[in-house]
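Okay, here's what each chain looks like letter by letter:
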Amino acid sequence: MGILRDEGVVYKAVDEVDLGPNSDQLYLHADVKAPRMAGLLAKVFVWFLEMKLIGSILLYFLKKNNRIQKLVSYGVLEESPLYVPLHNYEDIEEEEVKCLDHGLSPAEQVQLAMDCLQSSNISLQDSNFSFSRWTILDYSRAYASRKLTPLIVAERLISAIVQSSSPVMDMSFFISYDSKDILRQAAESTLRHERGEPISVLDGVPIAVKDEIDCMPYQTTGGSKWLHKVRPCKEDACCVQRLRSCGAILVGKTNMHELGAGTSGINPHYGTSRNPYDPRRISGGSSSGSAAVVCAGLCPVALGVDGGGSVRMPAALCGVIGLKPSFGRIPHSGVLPLNWTVGMVGVLAGTVEDSLIVYAAISGQVESNQPTTPRLHLPMLKPSNMSNIRMAKSNEWFNDCSDDIRACCLRALASLHKLYGWETVEVTLPDIEVMRLAHYVTIGSECTASIAHHLEKLGKSVSGWDVRVALSIYGSFDSRDYLNAQRIRKRQMRFHEKIFSMADVIVSPMVGVTAYEIKEDAQETGELDYVNGAALVRYSIAGNFLGLPAVTVPVGYDRHGLPIGIQFIGKPWSEAKLLQIAYAMEALCKGEYKKPKVFYDILGESQ
């Protein structure tokens, strides 16, 4: 096959590349040469792909036609590989932040996060907003006033889960939940509140967990039918332990795209987590269930894992907050080892305040042999407490989305400038499509390496049809593919360092398309839709591949009433500033938020 290969692109030295708005760098649109497949067509394709000779030919042309060979495998560049995006830390003075000492308990960190919130006794539900979700503080106030108890809330929640899981609704939010365990936790929390001794503001607050994160008493399936059989769950993940120590009620394991190997959330084993704004449409992947339960009001917060936008994408599609911290900020112990250098536990929440509270609870160093991470900085959340924010915007990349998304995000930027005086700095981010492909090689190689020894015994047939295609492609990557991908990682790191010398954050839409319809033929086999997949991940990759923190905030809706999110990507370890920016953005938009078609008013008096 070597004589048929593309000549690799020769990349300019980083210092020779102009990052200004008039750069001669060519923006490459994703040129995905793969038709949508599902149902019988997907099965036939898998049969051919898994034949040794025919499969190797198909894989060769898939890599060639989708430019992996030209842009990654045979690219000529001077950088050495960078394998782990763990950044050095510079202690920079930040406006209005609270710096936490190492060694605090999760409950102590949560209390300090509470000190960062604007003092108010007004519930969002009492405001003049057309719609708002119940917050962590709303739960805490309801318990403190004795209007409700955690046990009553748990009973309502279980009823809502049962209803949403019925054949009539088929929302498929959860892979597993245990009513008895939920009620047991709620009863213990109720007793603490009756004694006037809640552990923290999270005591009695329901939080859901993506089924990629260990949480007792459940097995961790990763959305598969087999992984939990070869890797039993023996204890809580570190992030779950920390939430439990704050008194939170862990309510079950949310649905996800199998093995995190897709962007739609369509799962042939456990059903498709449907979008509460329109149940005919996807909620996005891979943390589909976590985004949907927050959107539908079942929980104010859920945990996800973000390996390629898998927290932020579904958050944007479902109209909620999605926060992915810096690589290394949240301990990864107890999370399925599907990808080691791009995956990160993240937070999905109804409000920026709630994302801050849970971020404070789960952040911090755990293992003494790990490199020391910077002390945790928590932001004072005020809508206009920052001046002179500069947002880098790469025009062609920013505009590479649907008309509705582009217009909505531009209006959001105009509002930030009008009210706060924040400036947009026009820049060029080179080789965005190259980075997407390099990330794909990296996450695919890591996934293959993590589960290969299991699949050698079990065979690929234990997985869904769509995932079998992904695993075949992942398994075709060789050492040259992988090493050049890591060289591209180093190159992109240098580009982003230069951009961050000109601006505080990088701004973009969160996804290129809003939630699309679930086709009936995808329910049994899953779906191969790499065109929509590339559009969904278009703006996600830097956060994962380069280990940068990023947050998405809902800023409006398209012509069909489907949510649109904007994204802010920050410098390493700059979560405090990102949350301040997100809070300011949310303050401008939350008065226009709309109620989803599927919504459970857990704290409402009508229950």
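What counts and what doesn't
Residues numbered from 1 in each chain as written. Predicted model: local features only at pLDDT ≥ 70, side-chain atom pairs only at ≥ 80, totals over all residues. Heavy atoms only, no water. Helix = DSSP H or I, 4+ residues; strand = E, 2+ residues; numbered from the N terminus. Rg over C-alpha atoms; globule rule 2.2 N^0.38 Å. Buried < 20%, exposed > 50% of the residue type's maximum accessible area, 1.4 Å probe, protein only. Contact = heavy atoms within 4.5 Å. Areas by Shrake-Rupley, 256 points an atom, 1.4 Å probe, with all protein chains shown as cover. Core = buried A, V, L, I, M, F, W, Y, C linked by side-chain atoms within 4.5 Å. Axes fitted to C-alpha atoms, helices over the stretch in contact; angles between N-to-C directions. Parallel < 35°, antiparallel > 145°, perpendicular 65-115°, else oblique. Expected span 1.5 Å × (residues − 1). Pairing = 2+ DSSP bridges. Patch = residues over 30% accessible without salt bridge, like charges linked within 9 Å, V, L, I, M, F, W, Y side chains within 5 Å. Salt bridge = Lys/Arg side-chain N within 4 Å of Asp/Glu carboxyl O. Polar contact = N/O pair within 3.5 Å; in protein donor to acceptor, adjacent residues only side chain to side chain. Phe/Tyr/Trp six-rings, centres within 6.5 Å; stacked < 30°, edge-to-face > 60°.

Looking at an unreviewed UniProt entry, the chain carries the name Amidase domain-containing protein, with the source organism given as Centaurea solstitialis.

> What is the right way to look at the overall build of the chain in this model?
Looking only at helices and strands, one finds 21 helices and 17 strands in the chain. For 607 residues, the compact-globule estimate of 2.2 N^0.38 gives 25 Å, and the chain sits close to it at 23 Å. Taking the principal axes of its C-alpha atoms as reference, the chain extends roughly 75 × 55 × 50 Å. The buried share of the chain, taken over its 607 residues, is 62%. Nonlocal contacts in the chain, meaning residues at least 24 apart in sequence, comprise 81% of its contacts between residues at least 6 apart. Of the roughly 22,600 Å² of accessible surface on the chain, a fraction of 52% belongs to carbon and sulfur atoms.

> I keep staring at the nonpolar core and nothing clicks. Help me out?
As a rule of thumb, nonpolar side chains are buried together in soluble globular proteins. The biggest cluster of nonpolar side chains holds 195 residues, and the ones touching the most others in it are Leu-202, Val-358, Ile-362, Ile-566 and Phe-568. The element that contributes the greatest number of residues to this core is helix α15 (residues 432-458), accounting for ten residues. Among residues more than four places away in sequence, those in contact with Leu-202 are Val-110, Ile-136, Ile-207, Leu-243, Cys-246, Gly-247, Ala-248, Ile-357, Val-358 and Ala-361.

> Looking at this structure, I do not really get the packing of helix α1 (residues 39-49) against helix α2 (residues 52-65). What am I missing?
Packed helices, taken two at a time, are described by the angle between their axes plus the distance between the axes. It is the contact of α1 with α2, at a shortest axis distance of 7 Å, that shows an interaxial angle of 110°. By the criterion of interaxial angle, the relationship of α1 to α2 is roughly perpendicular. Contacts from Phe-45, Phe-48 and Leu-49 of α1 reach α2 at Ile-54, Gly-55, Leu-58, Leu-59 and Leu-62.

> Before we go on, may I ask you to explain helix α14 (residues 403-420) in this structure?
Side chains that are three or four residues apart share a direction in an α-helix, a result of its 3.6 residues per turn. Over its 18 residues, α14 runs 26 Å from end to end, which matches the ideal 26 Å to within 8%, given 1.5 Å per residue. Of the residues one or two after α14, Gly-421 is the one with positive phi, at around 80°.

> Please explain the sheet that holds strand β9 (residues 321-324) as it appears in this structure.
Sheets are built from strands that pair by backbone hydrogen bonding, the pairs being arranged parallel or antiparallel. Across the sheet, eleven strands lie side by side as β3-β5-β4-β8-β10-β9-β16-β17-β14-β12-β13; this open sheet has mixed pairing. Taken across any chain shown, the strands that pair with only one partner, and hence form the sheet edges, are β3 (174-176) and β13 (423-427). Along the sheet, successive strands turn relative to each other by an average axial angle of 30°, direction set aside. Bridge analysis of strand β12 (residues 390-394) against β13 gives five bridges, and the strand direction is parallel.

> When you look at the environment of Ile-199 in this model, what are you seeing that I'm missing?
Note that Ile-199 resides in the loop between α7 (179-194) and β4 (206-210). In this structure the C-alpha to C-alpha distance between Ile-199 and Met-510, which are 311 residues apart in sequence, comes to 36 Å. If sequence neighbours within four positions are ignored, Ile-199 has contacts with Ala-107, Arg-192, Ser-245, Cys-246 and Gly-247.

> In this structure, what is going on with a nonpolar patch on the surface? I would like to understand it.
A cluster of nonpolar side chains, Tyr-83, Val-84, Leu-86 and Leu-483, forms an exposed patch at the surface whose accessible area comes to about 320 Å². Inspection of the secondary structure assignment puts Leu-86 in the loop between α3 (68-73) and β2 (97-99).

> Would you take a moment to explain helix α12 (residues 352-362) for this structure?
Counting buried residues in α12 gives eleven out of eleven residues, a clear majority hidden from the surface. Taken as a whole, α12 has its buried residues at Val-352, Glu-353, Asp-354, Ser-355, Leu-356, Ile-357, Val-358, Tyr-359, Ala-360, Ala-361 and Ile-362.

> Explanation requested: the side chain of Thr-428 in the structure shown.
Its place among the elements puts Thr-428 in the loop between β13 and α15. You can call Thr-428 buried: its relative accessible area is 12%. Within polar-contact distance, the side chain of Thr-428 engages the backbone oxygen of Gly-20 at 2.6 Å. Those residues in contact with Thr-428 that lie beyond four places of it in its chain are Asp-18, Leu-19, Gly-20, Pro-21, Ser-23, Gln-25, Ser-394 and Ile-499.

> Teacher, can you tell me more about the packing of aromatic side chains here?
Aromatic ring pairs are reported here in terms of the distance separating the ring centres and the angle at which the planes meet. Applying the stated criterion across every chain, the model contains eleven aromatic pairs. Centroid distance Trp-47 to Trp-465: 5.9 Å. Interplanar angle 80°. Geometry classified as edge-to-face. Taken together, the residues Trp-47 in helix α1 and Trp-465 in helix α16 (residues 465-475) connect sequence positions 418 residues apart. Under the relative-accessibility criterion, Trp-465 is labelled buried at 17%. Considering the side-chain rings of Tyr-440 and Tyr-474, the 5.8 Å spacing of their centres and the 70° angle between planes classify their relative orientation as edge-to-face. Here the residue Tyr-440 occupies a position in helix α15, and Tyr-474 occupies one in helix α16, the gap between them amounting to 34 residues. For Tyr-440, a relative accessible area of 22% puts it in the partly exposed group. Residue Tyr-474 is classed as buried on the basis of its relative accessible area, which comes to 8%. Members of the aromatic cluster, connected to one another through ring pairs, are Tyr-440, Tyr-474 and Phe-477.

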